[in-house]
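Remarks on the overall topology
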Amino acid sequence: GEAHDQVSHFLDRRRESQAARRITHFTPLPLLNQQQMVAVWKQFMPRRGGWSYEAVAIDNPGKGVFLLEAANRDLRAYSVVIVSDIAMITKQAPGRLVAYVADRQSGAPVSGAVISALANHQPVARITSDASGIASTPLILGSIENMVVLARHENDWAIESPYGFEFGQQAAHP
């Protein structure tokens, strides 16, 4: 059916992309962390004016969180690639952080996921999801510029940067 055709088309594009990657010359820029490099390839991009984007098929490196670094002459771009079987939704209210962790395929709650919150690059909370996949904690913070919430369960990761976070307006409710 249609799903089979989509998968076949994706696999065909991936094989074509892999064949195009067999090169011997790369952009001579220093990498962020050459010791932890997983893969290197060359991706040909169509010429366009201004900003553009392109879907790129990559070989699945296995579960983990990976930094994708793209370089062209003196230009660089970065993106995070997450290969995981879990997903996380966070909700914040003045003085409280709530997270829900679930299996990406079934939607079933994930018990025992360790959830860490970082504000301004510093750890501010560490909680564990219960049998219903929920973890909640009081969280009173002063002025923060950035917030990241990470969930880990075995080899799976979920990462979220809550938008419009408000953790210091009033006292937390139990």
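Here's what I pulled together on the structure shown here.

1. Quick notes on the overall build of the chain
Across its full length, the chain holds one helix and nine strands. When its helices and strands are written in sequence order, the chain yields α-β-β-β-β-β-β-β-β-β. Going through the 174 residues of the chain one by one, you find that 24% of them count as buried. Taking all contacts inside the chain whose residues are at least 6 apart in sequence as the whole, residues at least 24 apart take part in 50%. Element-wise, carbon and sulfur atoms account for 54% of the exposed surface of the chain, whose accessible area totals about 12,400 Å².

2. Description of the pattern of salt bridges
Counted by the stated rule, this structure contains two salt bridges. Close ionic contact of K63 with D85 constitutes a salt bridge, the shortest N to O distance being 2.9 Å. Taken as a pair, K63 in the loop between α1 (2-20) and β1 (64-72) and D85 in the loop between β2 (75-83) and β3 (86-93) lie far apart in primary sequence, 22 residues in all. Accessibility expressed as a relative area gives 36% for D85, which makes it partly exposed. The salt bridge involving D156 is made with K63; its shortest N-O contact spans 3.3 Å. With D156 in strand β9 (residues 156-160) and K63 in the loop between α1 and β1, this pair connects stretches of sequence that are 93 residues apart. What makes D156 buried here is its relative accessible area of 5%. A residue is classified by how much of its surface remains accessible, and K63, at 43% relative accessible area, is partly exposed. Each member of the salt-bridge network shares a partner with another, and the members are K63, D85 and D156.

3. Details of the environment of A70
Inspection of the secondary structure assignment puts A70 in strand β1. Through-space distance from the C-alpha of A70 to that of K42 is 9.3 Å; in sequence the pair is 28 residues apart. Once you skip the residues sitting within four places of it in the chain, A70 turns out to touch L75, R76 and A77.

4. Focus: the sheet that holds strand β8 (residues 147-153)
The strand order across the open sheet formed by four strands is β6-β5-β8-β9, and the pairing between neighbours is antiparallel. For this open sheet the edge positions go to β6 (122-128) and β9, each flanked by a neighbour on one side alone. Averaged over all adjacent pairs, the angle separating strand axes in this sheet is 20 degrees, with direction ignored. Here six bridges tie strand β5 (residues 114-119) to β8, and the two strands are oriented antiparallel to one another. Following the sheet pairing, I115 is matched in β8 by A151.

5. Some details on the pairing of β6
Pairing geometry for β5 and β6, over six bridges, is antiparallel. Counted as the bridge partner of S116 is R126 from β6. With antiparallel pairing between neighbouring strands as the criterion, β5 and β6 make up a hairpin whose turn holds two residues, including N120 at a positive phi of roughly 50 degrees.

Parameters and conventions
Residues numbered from 1 in each chain as written. Predicted model: local features only at pLDDT ≥ 70, side-chain atom pairs only at ≥ 80, totals over all residues. Heavy atoms only, no water. Helix = DSSP H or I, 4+ residues; strand = E, 2+ residues; numbered from the N terminus. Buried < 20%, exposed > 50% of the residue type's maximum accessible area, 1.4 Å probe, protein only. Contact = heavy atoms within 4.5 Å. Areas by Shrake-Rupley, 256 points an atom, 1.4 Å probe, with all protein chains shown as cover. Salt bridge = Lys/Arg side-chain N within 4 Å of Asp/Glu carboxyl O. Pairing = 2+ DSSP bridges. Axes fitted to C-alpha atoms, helices over the stretch in contact; angles between N-to-C directions.

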